[in-house]
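Coordinate analysis (summary)
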Amino acid sequence: MAFARISRNWRRSSGTGTINRYINNNDIPSYSSSDSTLNAKTFGKMSYLESKTKVDHMNFEGRGTQAIQGYRFGHAEGISEDYSDSETENVQYASLEATKAGDKPRVVVLGTGWAACRLLKGIDTTIYDVVCISPRNHMVFTPLLASTCVGTLEFRSVAEPVGRIQSALAKDPNSYFYLSSCYHIDTDKHEVYCETVSDNGLPHEPSRFKVAYDKLVIASGSEPVTFGIKGVKEHAYFLREVHHAQEIRKKLLLNLMLSENPGVSEEEKERMLHCVVIGGGPTGVEFSGELSDFIVRDVCQRYAHVKNYVRVTLIEANEILSSFDVGLRQYAMKHLTKYGVRLVRGVVKEVHPKKLILSNGSVVPYGLLVWSTGVGPSEFIKSLDLPKSPGGRIGVDEWLRVPSVEDVFALGDCAGFLENTGRQVLPALAQVAEREGKYLVELFNNKIGKQNAGKAGSANDLVLGDPFVYKHLGSMASVGRYKALVDLSQSKDAKGVSMAGFVSWLIWRSAYLTRVLSWRNRFYVAINWATTLVFGRDNTRI
């Protein structure tokens, strides 16, 4: 007892220093499949391999307790950075083994975006086991994401947990959700290699593992395009995820509050309260409209001391809302200008911490910079040894299959038709991804599943029926102050119903309210809208 007390006192006096040591396999419990108490069934078909393990002991002085930091079991040791087949054959890692005779076919879905979640929602789990792999555990209802930046909606209103979309991921014994990122695909072995998500707060390093599949659906989405402009990634905010909206909201409210402090010069106030939006697409226009509405209704009342310094500038290289009807574009420009949004035509040359420089040499100081210039293939998609469509997406045929490999499909923003199909690459829109996901549900449930072709390599000669055909249903965008645009034409040059104003705003809200996935979130959205209408937006910085 005395020795233990002395040992604890010595560890506490050593501060937060870290002691690293290596232990051999004899020092840790064995997880081999020969152990009758820890067999493959117990671990859900996960096979574990032993290796030398590094252990970090950290003393958490504030709580007076001691924990293990960086503990990694042998089965979680990392895979070599060289992802070639010759290198990965002899590497030790955890695995979800291939399905056996009598098991349901396993469909592995990469991503939790519009395409992936539409597939997860409709797939028949009595036919398939489903494994979803994504660095986020929810789907984001992106059309309403801009509203969360200024407090019109709460963040949880636009996030749908993937476990609610497909309950089998949480309940079925052989269906799983893994909070991980896929970094390599071995199409010959029907395996995907993944790395667990780490936010530098976990007590261990990210571990790597592999998952075998019978059918693979790549729907990992895209990433913002920066065109290689210096300083964009370091200083600009994007608007594609919930955490992006949270960061924008915190920055906006922080600048408003700090600008009221004593000693802040007039010039600095003007810079801090200048919000610059790059990109005149639907996301950029809707965010600008929400900002102007927030300024007119809420800032003028709650930040009266600095209300005259707040400005919004929208910079676009060409025309805003270029996919909309000409009359609707003109209406949007007049409306935004009327409510204080300055429209600038220009191209950003480089971005600095407090200013950006346009190609004509103009210098634009800013306090908040939001970048919304479209999306492109992610680094993961670029790294895959798969055929590419124009623009760098994964190339697919008319049935959304990757034609050069077996049992691989691609959907959403990361996929595009190959040139030999004679089809154009579809735009990176939510409705495109959702329709592709719905089509693949029909393909899996009614074609592949009912013909017992779900197992790996069993659908090569299967007749899949009608190919995927996309029909554009129209576009909508809010411009703030209870006004919106509705364009129901099937293409930019085609004729169709187009309208703008208050009635369009009601249509816009009604349409998106019905498209929210769950009744729970529809209730949240409706309550948030009503609360904002009566009491104004919440300006609490949490």
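Residues numbered from 1 in each chain as written. Predicted model: local features only at pLDDT ≥ 70, side-chain atom pairs only at ≥ 80, totals over all residues. Heavy atoms only, no water.

Let's talk about the overall build of the protein chain
Tallying secondary structure elements over the protein chain gives 15 helices and 28 strands in all. Each of the 542 residues in the protein chain was classed as buried or not, and the buried ones make up 48%. Sequence-distant contacts in the protein chain: of pairs separated by 6 or more residues, those separated by 24 or more amount to 66%. With the model as given, the accessible surface of the protein chain reaches about 26600 Å², and the carbon-plus-sulfur share is 52%. (Helix = DSSP H or I, 4+ residues; strand = E, 2+ residues; numbered from the N terminus. Buried < 20%, exposed > 50% of the residue type's maximum accessible area, 1.4 Å probe, protein only. Contact = heavy atoms within 4.5 Å. Areas by Shrake-Rupley, 256 points an atom, 1.4 Å probe, with all protein chains shown as cover.)

What to know about the sheet that holds strand β28 (residues 498–501)
Pairing in this open sheet of three strands is antiparallel, and the strands run β26-β27-β28 from one edge to the other. The two strands at the open ends of the sheet, each matched to only one other strand, are β26 (475–480) and β28. Strand-to-strand twist across the sheet, computed as the mean angle between neighbouring axes with direction ignored, equals 10°. In terms of strand pairing, strand β27 (residues 483–487) meets β28 through four bridges, oriented antiparallel. Within the sheet, the bridge partner assigned to V486 lies in β28 and is M499. On top of the sheet, helix α11 (residues 326–338) reaches β26, β27 and β28; it is set at about 170° to β27, its chief contact. (Pairing = 2+ DSSP bridges. Axes fitted to C-alpha atoms, helices over the stretch in contact; angles between N-to-C directions.)

Remarks on helix α10 (residues 282–302)
Residue pairs three or four apart in sequence face the same way in an α-helix, which turns once every 3.6 residues. The terminal C-alpha atoms of α10 lie 28 Å apart, and with 21 residues this matches the ideal 30 Å at 1.5 Å per residue to within 8%. At I295, α10 shows its maximal bend, which comes to roughly 40°. (Expected span 1.5 Å × (residues − 1). Bend = angle between axes of the 7 residues up to and from the residue.)

Digging into helix α3 (residues 114–122)
For α3, the set of buried residues is W114, A115, A116, C117, L119 and L120. The secondary structure elements touched by the buried residues of α3 are β6 (106–110), β7 (129–134), β8 (138–140), α5 (162–165), β13 (215–218) and α13 (430–449).

Some remarks on the environment of L411
With respect to the secondary-structure elements, L411 resides in the loop between β24 (408–410) and β25 (415–417). The class for L411 is buried, based on a relative accessible area of 1%. Considering only alpha carbons, one finds L411 and A433, 22 residues apart in sequence, at a separation of 6.5 Å. Ignoring any residue separated from it by four or fewer positions in sequence, one finds L411 in contact with A115, V217, I218, A219, L400, E436, G437 and L440.

Structural notes on the packing of aromatic side chains
A full pass over the atoms with the stated rule returns 10 aromatic pairs. An angle of 50° between the planes, with centres 5.3 Å apart, marks the rings of W114 and F141 as tilted. Taken together, the residues W114 in helix α3 and F141 in the loop between β8 and α4 (145–148) connect sequence positions 27 residues apart. By relative accessible area, which is 14% here, W114 ends up buried. Note on F141: relative accessible area 5%, which makes it buried. (Phe/Tyr/Trp six-rings, centres within 6.5 Å; stacked < 30°, edge-to-face > 60°.)

Some words on the state of the cysteines
A covalent bond between the sulfur atoms of two cysteines is referred to as a disulfide. Inspection of every chain in the model, using the stated rule, returns zero disulfides. The cysteine C194 is free of any disulfide, with C182 supplying the nearest cysteine sulfur at 4.8 Å. (Disulfide = S-S within 2.5 Å.)

Brief notes about the nonpolar core
Ranked by size, the top nonpolar core spans 120 residues in total, and within it L144, I185, V192, I218 and F444 carry the most contacts. Per-element accounting of this core gives the leading share, eight residues, to α13. If sequence neighbours within four positions are ignored, I185 has contacts with L110, E191, V192, Y213, L216, I218, F380 and L384. Counting 16 residues, the second largest nonpolar core, distinct from the first, contains I229, A236, V276 and I278. (Core = buried A, V, L, I, M, F, W, Y, C linked by side-chain atoms within 4.5 Å.)

Re the environment of V225
Inspection of the secondary structure puts V225 in the loop between β14 (223–224) and α7 (232–235). Linking V225 and S372, residues 147 residues apart in sequence, is a C-alpha distance of 8.3 Å. Once residues within four sequence positions are removed from consideration, V225 is found in contact with W371, T373, G374, V375 and G376.

Observations concerning the sheet that holds strand β18 (residues 348–351)
Taken together, three strands build an open sheet; the order of strands is β18-β19-β20 and the sheet is antiparallel. Strands with a single pairing partner mark the edges of an open sheet, and in this sheet they are β18 and β20 (363–365). Shown here is a sheet whose adjacent strand axes are inclined to one another by a mean of 25°, direction ignored. In the sheet, β18 pairs with strand β19 (residues 355–358) via three bridges, with the strands oriented antiparallel. Along β19, the bridge assignment pairs E350 with I357.

A look at the confidence of the model for the protein chain
The share of residues in the protein chain with pLDDT of 70 or more is 81%, and the mean pLDDT across the chain is 84. Every residue in residues 1–87 scores below 50 in pLDDT, and together they form 145 contacts with partners more than four places removed in sequence or on other chains. (pLDDT = per-residue confidence, 0-100.)

Quick notes on the side chain of Q431
Relative to the assigned elements, Q431 resides in helix α13. Among the polar contacts made by the side chain of Q431, one reaches the side chain of Y470 at a distance of 3.2 Å. A polar side-chain atom of Q431 sits 2.9 Å from the main-chain carbonyl oxygen of G474. Look past the residues within four positions of Q431 in its chain and what remains in contact with it is Y470, H472, L473 and G474. (Polar contact = N/O pair within 3.5 Å; in protein donor to acceptor, adjacent residues only side chain to side chain.)

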